[in-house]
Amino acid sequence: MRSSRLFRSVAAAALLALVAGCGSSGSRPTGAAAAAAPGATKSGSATAPDPSAAAASAGPNAPEGGPGAGLPESAAAGTGVPESVSAALAALPPDLRARIPRFPPAPAATRVALPGGDKAAFFSHIPTTQKVAFITIDDGWAKNPLALRLFQAANVPVTLFLEVDAIKDDPGYFTPLKAAGATIENHTITHATMTRLSYPGQKREICGGADRLAQLYGDRPTLFRPPGGAYNGTTLRAAHDCGMKAVFNWTQTTDHGKIFYQGTPKVVKPGDIILMHFRPRFVDDFLAVLEAIHKNGLTPARLEDYIP
Ligand SMILES: [Zn+2]
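Everything quoted here is computed from the prediction, not taken from an experiment. (Residues numbered from 1 in each chain as written. Predicted model: local features only at pLDDT ≥ 70, side-chain atom pairs only at ≥ 80, totals over all residues.)

Its 14 residues give helix H10 (residues 282-295) an end-to-end C-alpha distance of 20 Å, which sits within 8% of 20 Å, the value for a rise of 1.5 Å per residue. Of all the residues in H10, the buried ones are Phe-282, Asp-285, Phe-286, Ala-288, Val-289, Leu-290, Ala-292 and Ile-293. The inward-facing, buried residues of H10 abut strand E2 (132-139), helix H5 (147-154), strand E7 (252-255), strand E8 (258-260), strand E9 (273-277) and strand E10 (299-300). Count one or two residues on from H10 and you reach Gly-297, which has phi positive near 75°. (Helix = DSSP H or I, 4+ residues; strand = E, 2+ residues; numbered from the N terminus. Expected span 1.5 Å × (residues − 1). Buried ≥ 20, exposed ≤ 12 C-beta atoms within 10 Å, placed from the backbone. Contact = placed C-beta atoms within 7 Å.)

Given below as structure tokens:
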């Protein structure tokens, strides 16, 4: 009986992970992921203790640094196509190169207001009318060798919510991604479901993840994405007490080269936060995200720039 319950819960977790994408490349030992269906709730109930609840949409976390932080120097400087971008484009296989859209520059960010108090803010969408969307990439299991060139060629800001267990076999993989303009934010140590943990347990995962990422990459994250999108009031308090300014879910998810929208029409709107993962089909997923943002007339912007 115990084993059948275990089986059911593992099967449910696997299914949810498949749908929501937080399960990564499959090597994760996680029990029941809480999370997320492609539709996701947006406004939310701050408590999503039920793993089957579709708490899906979430946003990326933002890395530290001011506007433009993390951009390659040549890109930050200027107009036209920076040399680093041309070189990265030239280094890509032609079929991929042809699929990299050109975006107008992101506008100067209008920062959101944070509520203050003893809890971190929560967003699954950034309230803005600016024509921007945010790319967030979670976990870190599948380390595709093309990611660096794709980031450089697309020359767009991305926020990586890294899970310590997912990156520890090769943390150095992410160092050049950061140098190419990605910001690194917090996604726990073990991908534990926050709503199943007490305050001290959540704090251990959130503070521990931030501390380890600071050791590895030099900057301590200030944004947090809860595994599977599952969070509650305790999560927001623990995140705050660990130095996180905001907690993010998302508005669209991506898998197998497809975007999963919330309802209809299937559009990316200003302020939307798109979730993808470091998965085996990273290239298809990243190109699909770029295309979705581009065809909706938006430009990728840096999530951190919108958080005061
Ligand atoms: Zn995750």
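Residue placement: Asp-255 occurs in strand E7. The exposure class of Asp-255 is buried, given the 21 C-beta atoms found within 10 Å. When the C-alpha atoms of Asp-255 and Phe-282 are compared, they prove to be 8.6 Å apart, with 27 residues separating the residues in sequence.

With that out of the way, let us pick up the confidence of the model for the chain. Summarising the model, the chain shows a mean pLDDT of 82, and 74% of its residues fall at 70 or more. When the criterion is pLDDT under 50, residues 9-19 qualifies, and its contacts beyond four places in sequence or with other chains add up to 18 contacts. Overall, residues 23-79 carries pLDDT values under 50, and its contacts beyond four positions in sequence, including any with other chains, amount to 199 contacts. (pLDDT = per-residue confidence, 0-100.)

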